[in-house]
Every structure is written in structure tokens, then in C-alpha cells.
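Okay, here's what each chain looks like letter by letter:
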Amino acid sequence: MKNFSEKIYVAGHRGMVGSAIVRHLQQQGFTNFLTRTHQELDLTNQQAVATFFQKEKPTQVYLAAAKVGGIHANNTYPAEFIYENLMMEANIIHQAFLHGVQKLLFLGSSCIYPRLAPQPMSESDLLTGKLESTNEPYAIAKIAGIKLCESYNRQYGQSHGIDYRSVMPTNLYGPGDNYHPENSHVIPALIRRFHEAKLANAPEVAIWGTGTPMREFLYVEDMASASVFVMDLDKETYEKNTTPMQSHINVGFGSDVTIKELALEVGQSIGYQGQITFDTSKPDGTPRKLMDSSRLQKMGWNAKVSLKEGLKIAYQDFLLKI
Ligand SMILES: NC(=O)C1=CN([C@@H]2O[C@H](COP(=O)(O)OP(=O)(O)OC[C@H]3O[C@@H](n4cnc5c(N)ncnc54)[C@H](OP(=O)(O)O)[C@@H]3O)[C@@H](O)[C@H]2O)C=CC1
Ligand SMILES: C[C@H]1O[C@H](OP(=O)(O)OP(=O)(O)OC[C@H]2O[C@@H](n3cnc4c(=O)[nH]c(N)nc43)[C@H](O)[C@@H]2O)[C@@H](O)[C@@H](O)C1=O
């Protein structure tokens, strides 16, 4: 039986995923949310996070706050990506433990896997090879997040009832995305670029890289449903499907597309009639990172929203924002 008055802290509740998690929980009937904006609580500040947990004492935590960005942002601001993400995770997970939080869900990323991992990438591929250089600092912070959860489980699971879980999302998109022209991920960047090209009647749109890398895209509402699904799994099912030192769970859509195919799809959904070209001075990043999400599927979760459908909704969201 769910306790709908449980005090749930969603860290990053104004972000794309955090806001979708709040909506999903609200639809289920949860009402007692604890939230703080970045301005109200800087999660990299250890003392501030300690005071917050001491005062508020949440019973569940969704850790969806992070320093997030696309390939250019990761490559340009590596110090911020490693420092801020390590600090946020360490502060939240440690203070959650100190203040009696038994259930926590950490959101990582598919970039934790080696650059040339076998495809599709399964949970057991973690720490088996070299990471992609454009996002290695972010990936290392995300791997540390998984290991923080596992370490508290291993040391305090029995004595304190600690049950901290991790999900590894593939590339996400949807309402609430960041449409910054340089620092965003590929889908919001292309939505903006094709929209602006359509308005300007521009004859061509430049896509970064060669167009050959493959990416798997998951709509954000599916990610929110997977997050709540994993948080709510009974302990027996979770433990049967994971191991104490490999406890993370992949969350993917199930198939991927090339960046060229994606660009054609975005152009079509926006109604852009011109040509696409490739700016090969920009990095490609990982050649492919398709998730093996069979661990999660075996437990009963599947993605629902197709790329075509999701892109239409994402474009409507962009139009509301500009
Ligand atoms: N987007 C994607 O494609 C993917 C995302 N992920 C992971 O999913 C999670 C959610 O990402 P997403 O929703 O896209 O990211 P967003 O950038 O949309 O949201 C991040 C949130 O974190 C908050 N935040 C950032 N820094 C701080 C800080 N120092 N103190 C307090 N709050 C802070 C922001 O607060 P505020 O709004 O107040 O500034 C914002 O609400 C992250 O862990 C990310 O790594 C994983 C794979 C892919
Ligand atoms: C989620 C994931 O996000 C980041 O990794 P990434 O998958 O490489 O993400 P991306 O969305 O920025 O790019 C995907 C592909 O698309 C190409 N591409 C074309 N044109 C544009 C473009 O205009 N913008 C962007 N950003 N990419 C473009 C781009 O060259 C690349 O080949 C990580 O750093 C890390 O943060 C992480 O975990």
C-alpha cells in the first residue's frame, strides 16, 4: 500500500526530468512534496544541504538535480561538470543517510559506459573500458553517484534499512528541455535551429559532426514513469534483478537512430523544406550508445512514446517558450 502523504524531496524539481517526476507522482496521488530551487538551496554547499535535511527530514529522495548539458557544454566546462555533480551527489546522499532517509533514487547517465562498449550496453559493461573524452568528467561523477548509493547500501543496508537505487537514462528530450543554441543536447538544439531556419527561409541547416553517430532517445515522461517504477519496486524484486556492486538499472527506449536520421525527422516535424549539411569541425562524441534495458523490461516497464510523437510535443513546448 502506498503512503500518499509521504514527504518526497525531488531535487531538481524545476528541471526537465525533476518536473516530470513531480507531475507523475501527483498523478498517482502524492501531495507532500519538498522542493527548493537552485537559488533557495545550492546543493554544492555541504552545510546548507545538512541544515536543509536536518530541518525538513524527507522520507524519500529523487536526485534529479545535476549540472547538465550537451556535448559542447561537457567539453567546454569539464571542471564544473565534475565538481558540481560530485558535490551535489555526495552532499545529498550523505545527508539523506544521516537524517534517516531509507529510499533514494539517483539519476545517472548512459555516458557511464565505455566509449566502445559492446552494443547494446548492459549494466555489466560498467568500468570495463575507457570513457568518451568529451564527457569523461561528467561520466566519472555519475559513476561516483552509483558507487555512493551502493556503498551506503552495503555498509548500512542491514543496520539502517538503507535502500538507495540508481537509474541510467539514455539521451532524454521533451517539455522543459534546455533550448540553448550551444549548450543544449542535440534534440532541443535542432528544434531551435530548424525553427529559426524555417522562419528565415534559410536554404540549409548545419548539423554538428558527421551525422553518423547513433543515439537512443527517450521522451521525458517515460523517464519519469521509469524513475517512479524503480523507486517503487519491492525490495525482493529489485535485489533479485541486481547485485550489490552492480545495482544500477538502464532506462532506454529500445532502438536508436543516426544523427542524420534524427535531423531529417526534426526537420520534417517542424516543416523545414531546405537542405541539411554537416559541420565536421564539431565533435561526434561516442559513435553509438544503445542501452540494453532488458533488466528493467523484465521487471515490467516499457517506454510508450515514439520519437515522432515525442518530437511533436517537444516542438510545441519550444513554441511556448520563445
Ligand atoms: N537531459 C538528458 O538528456 C539526460 C539527463 N540525465 C540526468 O537526468 C537528471 C535530470 O536532468 P535534466 O532534468 O535534463 O536537467 P535540467 O538541467 O533540466 O535540470 C537540472 C536541475 O538541477 C538543478 N540544479 C543544478 N545545479 C544545482 C545546484 N548547484 N543546486 C541546486 N539545484 C541545482 C537545477 O535547478 P534550477 O532549475 O533551480 O536552476 C535544475 O532544476 C540529471 O541527473 C541528468 O544528469 C541523464 C541522461 C540524459
Ligand atoms: C545525454 C548525454 O549528452 C552528451 O552526450 P551526447 O550524446 O554526445 O549528446 P548531444 O545531445 O550533445 O549530441 C549528440 C550527437 O548529436 C550531434 N549534434 C548534431 N548537431 C548538434 C547540435 O546542434 N547540438 C548538439 N548538442 N549536438 C549536436 C553531436 O555532435 C553528437 O554526435 C554528454 O556530453 C552527456 O551529457 C550525456 O550523458
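Residue positions are given per chain, counting from 1 as you read along its sequence in written order. Think of it this way: whatever chain is written first is A, whatever ligand is written first is 1, and the rest follow in order. Only residues with pLDDT of at least 70 get local features here, since the model is predicted, and only at 80 or more are side-chain atom pairs given and counted; chain-wide, interface and lining totals rely on the full set of residues. The side-chain quantities take in all heavy atoms of the structure and omit both hydrogens and water.

A word on the overall build of the protein
Alright, step 1. Helix numbering and strand numbering both begin at the N terminus, where a helix is a DSSP run of H or I of at least 4 residues and a strand a DSSP run of E of at least 2. Scanning the protein for helices and strands turns up 11 helices and 12 strands.
Alright, step 2. As a reference, a globule follows 2.2 Å times the number of residues to the power 0.38, and the radius of gyration itself is taken over C-alpha atoms. Taking 2.2 N^0.38 as the reference for a compact globule, 322 residues should give roughly 20 Å; the C-alpha atoms of the protein span a radius of gyration of 19 Å, in line with that estimate.
Alright, step 3. Along the three orthogonal principal directions, the C-alpha set of the protein runs to about 65 × 40 × 40 Å.
Alright, step 4. In this scheme, a residue with accessible area under 20% of its type's maximum is buried, one over 50% is exposed, and one in between is partly exposed, where area comes from a 1.4 Å probe on protein chains only. When each of the 322 residues of the protein is scored for burial, the buried share is 52%.
Alright, step 5. Note on contacts: a residue pair qualifies if any of its non-hydrogen atoms lie within 4.5 Å across the two residues. The contacts in the protein between residues at least 6 apart in sequence include a share of 82% that link residues at least 24 apart.
Alright, step 6. A total of about 14,400 Å² of accessible surface is found on the protein, and carbon and sulfur atoms cover 52% of it.
Alright, step 7. Residues scored as positive are Lys and Arg, those scored as negative are Asp and Glu, and His as well as the terminal groups of each chain are ignored. Every charge is mapped to an atom, namely NZ of Lys, CZ of Arg, CG of Asp or CD of Glu. Within the protein, one finds 31 positive and 32 negative side-chain charges whose respective centroids are separated by 2 Å. The method behind every accessible area is Shrake-Rupley, applied with a 1.4 Å probe, and residues are considered shielded solely by the protein chains displayed.

Concerning the site of ligand 1
Alright, step 1. Close to ligand 1 lie 26 residues, the nearest being M16, V17, Y138, K142 and L172.
Alright, step 2. Within 3.5 Å is the distance limit for a polar contact, defined as a pair of N or O atoms, with the added protein rule that one can donate a hydrogen and the other accept it, and that residues adjacent in sequence qualify only through two side-chain atoms. With respect to ligand 1, the side chain of R14 contributes an N or O atom lying 3.3 Å from an oxygen atom.
Alright, step 3. Here an oxygen atom of ligand 1 and a side-chain polar atom of K142 are 2.8 Å apart.
Alright, step 4. Secondary structure elements with two or more residues in the shell around ligand 1: α1 (16-28), α5 (136-160) and β6 (171-173).
Alright, step 5. Amino acids outside the nonpolar list (Ala, Val, Leu, Ile, Met, Phe, Trp, Tyr, Cys, Pro) and the charged list (Asp, Glu, Lys, Arg) are all regarded as polar, and Gly is one of them. Considering only residue class, the shell around ligand 1 consists of 13 nonpolar, 10 polar and three charged. Near is defined per residue: the residue qualifies when any heavy atom it owns lies within 4 Å of the molecule or strand.

Quick look at the packing of aromatic side chains
Alright, step 1. Between rings of Phe, Tyr and Trp, where Trp is taken as its six-membered ring, a pair exists when centres lie within 6.5 Å; planes separated by under 30 degrees are stacked, by over 60 edge-to-face, and by other angles tilted. Applying the stated criterion across every chain yields a total of 12 aromatic pairs.
Alright, step 2. Relative to Y156, the ring of F97 lies with its centre 4.1 Å away and its plane at 25°, an arrangement referred to as stacked. Here Y156 lies in helix α5 and F97 lies in helix α4 (residues 78-98), a separation of 59 residues in the sequence.
Alright, step 3. For Y156, a relative accessible area of 22% corresponds to the partly exposed category.
Alright, step 4. Each residue in the set Y9, F52 and F53 is aromatic and connected to the rest through ring pairs, giving one cluster.
Alright, step 5. The positively charged end of R165 is found above the aromatic ring belonging to Y238, 4.2 Å away from the centroid. Remark: a charge is flagged as sitting over a ring if the NZ atom of Lys or the CZ atom of Arg is within 6 Å of the ring centre and within 35 degrees of the ring normal.

Some details on unusual backbone geometry
Alright, step 1. For the peptide bond that leads from Q119 to P120, omega is -10°, which places it in the cis range.
Alright, step 2. Residue placement: P120 occurs in the loop between β4 (103-107) and α5.
Alright, step 3. In this structure, L127 is a non-glycine residue whose phi angle is positive, near 60°.
Alright, step 4. Tracing the backbone shows L127 in the loop between β4 and α5.
Alright, step 5. Even without being a glycine, N201 presents a positive backbone phi close to 55°.
Alright, step 6. Among the structural elements, N201 can be located in the loop between α6 (186-200) and β7 (204-208).

Notes on the confidence of the model for the protein
Alright, step 1. The predictor's confidence in any single residue is recorded as pLDDT, a number from 0 to 100. The predicted model of the protein has a mean per-residue pLDDT of 98, with 100% of residues at 70 or higher.
Alright, step 2. The ipTM for the predicted assembly is 0.98, set against a pTM of 0.98.

Looking at the sheet that holds strand β1 (residues 8-11)
Alright, step 1. Strand pairing is assigned whenever DSSP detects at least two bridges linking the two strands. Ordered in space as β2-β1-β3-β4-β5-β10, the six strands form an open sheet in which the pairing is parallel. Every interior strand has two partners, whereas the edge strands, β2 (33-34) and β10 (249-251), have only one.
Alright, step 2. As paired strands, β4 and strand β5 (residues 163-169) are joined by five bridges and run parallel to one another. Note on β5: the bridge partner recorded for L105 is R165.
Alright, step 3. Axis definition: a line fitted to C-alpha atoms, over the contacting stretch in the case of helices. Angles run 0 to 180 degrees between N-to-C directions. Packing against the sheet, α5 makes contact with β4 and β5, and its axis sits at approximately 155° to β5.

What about the site of ligand 2?
Alright, step 1. Residues in close proximity to ligand 2 total 22 residues, the closest being I71, S109, R193, P283 and D284.
Alright, step 2. Within the backbone of I71, an N or O atom sits 2.7 Å from an oxygen atom of ligand 2.
Alright, step 3. Relative to its free-state accessible area of 690 Å², ligand 2 is covered by the protein chains to the extent of 98%.
Alright, step 4. Residue assignment for the shell around ligand 2 shows that the elements contributing at least two residues are α3 (71-76), α6 and β7.
Alright, step 5. When residues of the shell around ligand 2 are assigned to their parent elements, the largest contribution, three residues, is made by α6.

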